[in-house]
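# Coordinates in review
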Amino acid sequence: MLKRIPIFWKLSFVFIIISLLVLLVDALLGVREDPVSKWSLQTFFTIAIAIILSCGAAWFFVYFFIKQPVRKLANSMNKLAENEFDSQLNEDERNEFNTLASSFNNMASMLASSQAELRKNKDFLEGILESTADIIITVSPEGKILTINKGAETALGYQRQDVIGKPIEMLFVDPHDREVALQKMGPTDNVMNYETQFRTKNGDVRDVLNTISRLRDPTGKVIGTIGISKDITAEKHLQDQLLHSQRYAAIGQVFTGIQHSMKNMLNACKGGAYMVRLGLSKDDQQMLKEGWDIVQEGITCLTDMSMHMLKYVKEWKPKFEQVKLSKIFSEIDNVIKQTAKDKGVQFRQDLSSELPPVLCDARMIHSAVMDIVSNALDACVLKEFLDGETPEIVLSAYLDHDGQKAVIEIEDNGCGMPKEVKKNIFTPFFSTKTRTGTGLGLSITSRMIEAHNGEIEVDSKPNCGTVFRITLPINKTKINEEKIDGEKSSHS
Amino acid sequence: MAKKVLIVDDDVNTVKFLSVALQENGYEPIGAYDGVEGIEKIKSENPDLLILDIMMPKKSGFVLYKQIRKDERFKDLKVIMLTGVAETLEDLDTQSEDTLERPYDSLREKLRETIKTMQEDELVRPEMFIDKPIEPEEVVAKVTELIGN
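Note that the coordinates shown come from a computational prediction; the quantities given were computed from them, not determined experimentally.

## Comments concerning the overall build of chain B
The number of helices and strands found in chain B is six helices and five strands. Helices and strands appear in chain B in the N-to-C order β-α-β-α-β-α-β-α-α-β-α. Expressed as a percentage of its 149 residues, the buried residues of chain B come to 36%. Taking the intrachain contacts of chain B between residues at least 6 apart in sequence as the baseline, contacts between residues at least 24 apart amount to 69%.

Shown next, in the form of structure tokens:
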């Protein structure tokens, strides 16, 4: 109560009390008669009145020239704190407060403009978050939903008030999915394109592609996560449909391929059986034998195809060892040279002397090269060579320019192949051969090369020839080392 | 005099058993193993009927067919083609394009091309199509149907 009374009134009150006490003493002791005492009393009252008046003047000065401007300043600052940036001070008075008011007004307008800028940026960013069709959800470190955007409301059917403060797991079809995603996050603070499913308010399941990022404050403290999810339900549906139709198309293609290969073999069986029947009825042993040979050829082709099919679907695990390609080449030479000669084809080899042993499965590489050489032979037989031209197959091997890979080339100057054939040569059951082709030879070859972490490519021009190029890592690739280690451990 | 039937097929077995079957039924079979040899034999032997395979080295059955149909001397030669074209053509007639399965795509394209070539060149279509695997007796019956005995 006492604290609220201004200091001037307090002082005045004290002087009045003292004056009353002095008057009381004067009355009791009769000091008025004493001229000295009379003077002292007059002086006292004069001084007292002067002090009271000075205090009054001081209060007036302080009240009007300091306290009021300070109060105005404080009021304006309070208004600033309450984001009322239009509050300005009067700058008319010509004193120190004028300067202060002017600085304050400056500060207020600067604050007002930066606040307006901030609001604009905030509105812009909020606009982006709100107008995007993606689902954007922020979650507290405790796993409670903090905010969701309009995209989330639309996609999931919830209103903000339905979900804010609730556990984020309520949106997942499998509540463990979020935990799994967070575990994948690791030290990067991000998990990208994590595929999961959300359940909408009315129970529908939506496929989403989720990217979650950790949110941190400037000190690095985790303040939650933000998840941006793209609704991919429609795309998934289309993808499934496509996969479904592709699967059927692929099965159709396989069946067509098998049927095409089989009909030539069955053709042999049927024709051979006819000759067997005829030979039996006419007791013609020669015809019987010829017919039976044709039947057997058909059966052999069917058996080969069945073996090839098995071979194609099996998992290829090469048995790696250091192999000199010269050894494989000389084996192929032994097998093919005579056949080539019989067909009027020249077979030549060109093996680079600087080629080191290659880490590979000798049996597989032999089989792959042999298959391509046989095709080259067929290509040479199929072409009509002009006078002076010689059908030729060149089998060569050399070190790749980086010294890490061995390159095996099989080049022929045979009939070559048109683009559409070249495009399909590694496709299972694709064959241009009438009798013996199962359409699996080159598919198997390419799978064997792939199992070596190698590559196979082909260049061909109709009526000019074909080059098959096999590239094999020599021995230093990590994958090969791993494969060898795998082999060793599986043997031990 | 026995009627001559030329069999052009790169599959030696087909040529062999068809020859036996035709011979058994009083025809004179002649074999050729690719398109080039086929055209030579047509010219040299002047057959009454041609049994022609489609997929052959050097010269395909279609190319050979086109060549003989353009030649005045052979444009009326009776031809049996060893292919499933007839069935596929029927499929094409009965199915709308949208419902055709994918595996037919390349075949359909090839057929269209062939049919277009035949139409452009005003070629007479082959008398008959027989798809493999073939029954020798059935082929002989068709031959008899076309050229008699």
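## Regarding helix 9 (residues 325-342) of chain A
Residues and elements named next belong to chain A. For helix 9, which comprises 18 residues, the first-to-last C-alpha distance of 26 Å matches the rise-based estimate of 26 Å (1.5 Å per residue) to within 8%. Ile 336 marks the point of greatest bend in helix 9, at about 40°. Buried residues belonging to helix 9 abut strand 6 (321-323), strand 7 (346-351), strand 8 (358-360), helix 10 (362-382), strand 9 (392-399) and strand 10 (405-412). Looking at the residues trailing helix 9, positive phi occurs at Gly 344, about 75°.

## Here's the deal with the confidence of the model for chain B
Residue and element names in this part refer to chain B. Taken residue by residue, chain B gives an average pLDDT of 79. The fraction at 70 or more is 70%. Mean pLDDT values for the elements of chain B range from 52 in helix 4 (residues 85-94) up to 96 in strand 2 (residues 28-32). Of the regions scoring below 50 in pLDDT, residues 95-104 engages in eleven contacts with residues more than four places distant in sequence or in other chains. Model confidence for the complex is summarised by a pTM of 0.51, with the ipTM given as 0.81.

## Considering unusual backbone geometry
Across the chain, the bulk of peptide bonds are trans and the bulk of non-glycine residues have phi less than zero. Pro133(B) follows Lys132(B) through a cis peptide bond whose omega is 0°. A positive phi is found at Asn193(A), a non-glycine position, where the angle reads about 45°. With respect to the helices and strands, the residue Asn193(A) is situated in strand 3 (residues 190-199). Assessed through the 9 C-beta atoms surrounding it within 10 Å, Asn193(A) is described here as exposed. Phi is positive for Asn463(A), which is not a glycine, with a value near 65°. Mapped onto the fold, Asn463(A) is located in the loop between strand 11 (455-461) and strand 12 (465-473).

## Observations concerning the UniProt feature "modified residue: 4-aspartylphosphate" (unreviewed entry) in chain B
All names here are of chain B. Per the UniProt record, "modified residue: 4-aspartylphosphate" (unreviewed entry) is found at Asp 53. With respect to the helices and strands, the residue Asp 53 is situated in strand 3 (residues 49-53). Dropping the residues within four chain positions of it, Asp 53 is found in contact with Val 8, Asp 9, Asp 10, Gly 61 and Leu 82.

## Comments concerning the packing of helix 8 (residues 285-313) of chain A against helix 1 (residues 12-24) of chain B
Closest axis-to-axis distance for the helix 8 of chain A/helix 1 of chain B pair is 11 Å, and the angle between their directions is 145°. Crossing of helix 8 of chain A over helix 1 of chain B shows left-handed handedness. Only Asn13(B), Lys16(B), Phe17(B) and Val20(B) of helix 1 of chain B make contact with helix 8 of chain A, whose side of the interface consists of Met287(A), Glu290(A), Ile294(A) and Glu297(A). Here the residues of the contact of helix 8 of chain A with helix 1 of chain B sort into four nonpolar, one polar and three charged.

## Topic: the interface of chain A and chain B
Between chain A and chain B, the contact holds 24 residues from the first and 21 residues from the second. For the side of chain A that touches chain B, the secondary-structure elements that each account for two or more residues are helix 7 (233-282) and helix 8 of chain A. Here the element with the most residues in the side of chain A that touches chain B is helix 7 of chain A; it accounts for 15 residues.

## Structural notes on the nonpolar core
One finds Val5(B), Leu6(B), Leu18(B), Ala21(B), Leu50(B), Ile51(B) and Leu52(B) to be the most contacted residues of the largest nonpolar core, which totals 43 residues. Ranked by residue count, the leading element in this core is helix 1 of chain B, at six residues. Leave out the neighbours within four places in its chain, and Val5(B) touches Leu22(B), Tyr27(B), Pro29(B), Pro47(B), Asp48(B), Leu49(B), Ile51(B) and Val143(B). Grouped together as the second largest cluster of nonpolar side chains are 35 residues, Val345(A), Val358(A), Leu359(A) and Leu395(A) included.

## Description of the sheet that holds strand 10 of chain A
Residue and element names in this part refer to chain A. Sheet architecture is open: five strands sit in the order 7-9-10-12-11, paired in mixed fashion. Bordering the open sheet on either side are strand 7 and strand 11, each of which pairs with just one other strand. For this sheet the average axis-to-axis angle between neighbouring strands, irrespective of direction, equals 10°. Relative to strand 10, strand 9 runs antiparallel, the two sharing seven bridges. Looking at the pairing, Ile 393 lines up with Asp 412 of strand 10. Along the sheet, helix 10 contacts strand 9, strand 10 and strand 12; its crossing angle with strand 10, the most-contacted strand, is approximately 20°.

## Considerations on the sheet that holds strand 5 (residues 128-130) of chain B
Residue and element names in this part refer to chain B. A sheet is described by the order of its strands in space; here five strands give the open sequence 2-1-3-4-5, paired in parallel fashion. In this open sheet, the two strands that pair with only one neighbour each are strand 2 and strand 5. Between one strand and the next, the sheet's axes are offset by a mean angle of 20°, whatever the strand orientation. Across three bridges, the pairing between strand 4 (residues 78-82) and strand 5 is parallel.

## Focus: helix 12 (residues 441-451) of chain A
All names here are of chain A. The element helix 12 is extensively covered by neighbouring structure, given that eight of its eleven residues are classed as buried. For helix 12, every residue scored as buried is listed here: Gly 441, Leu 442, Ile 444, Thr 445, Ser 446, Arg 447, Met 448 and Ile 449. Positive backbone phi, approximately 60°, marks Asn 453, located one or two places after helix 12.

## A short note on the pairing of strand 2 (residues 145-148) of chain A
Look at any regular strand and the pattern is simple: side chains alternate between the two faces of the sheet. All names here are of chain A. The sheet contact formed by strand 1 (residues 135-139) and strand 2 spans three bridges and is antiparallel. The residue of strand 2 that forms the bridge with Ile 137 is Ile 148. In this antiparallel pair of consecutive strands, strand 1 and strand 2, the connection spans five residues, and Gly 143 shows a positive phi of 90°.

## So, the packing of helix 2 (residues 35-45) of chain B against helix 3 (residues 61-70) of chain B
Residues and elements named next belong to chain B. Taken N-terminus to C-terminus, the directions of helix 2 and helix 3 make an angle of 25°; their axes are 9 Å apart at the nearest point. On the basis of the axis angle, helix 2 is roughly parallel to helix 3. The handedness of the crossing between helix 2 and helix 3 is right-handed. Contact with helix 2, carried on its side by Gly 35, Gly 38, Ile 39 and Ile 42, involves Gly 61, Val 63, Leu 64, Gln 67 and Ile 68 of helix 3 and no other residues of that element. Split by residue class, the contact of helix 2 with helix 3 holds five nonpolar, four polar and no charged.

The rules behind these values
- Residues numbered from 1 in each chain as written.
- Chains lettered and ligands numbered in written order.
- Predicted model: local features only at pLDDT ≥ 70, side-chain atom pairs only at ≥ 80, totals over all residues.
- Helix = DSSP H or I, 4+ residues; strand = E, 2+ residues; numbered from the N terminus.
- Buried ≥ 20, exposed ≤ 12 C-beta atoms within 10 Å, placed from the backbone.
- Contact = placed C-beta atoms within 7 Å.
- Expected span 1.5 Å × (residues − 1).
- Bend = angle between axes of the 7 residues up to and from the residue.
- pLDDT = per-residue confidence, 0-100.
- UniProt positions renumbered as here; feature names shortened; annotations may be inferred.
- Axes fitted to C-alpha atoms, helices over the stretch in contact; angles between N-to-C directions.
- Left-handed = near helix turned anticlockwise from the far one by under 90°.
- Nonpolar A, V, L, I, M, F, W, Y, C, P; charged D, E, K, R; others polar.
- Core = buried A, V, L, I, M, F, W, Y, C linked by C-beta atoms within 7 Å.
- Pairing = 2+ DSSP bridges.
- Parallel < 35°, antiparallel > 145°, perpendicular 65-115°, else oblique.

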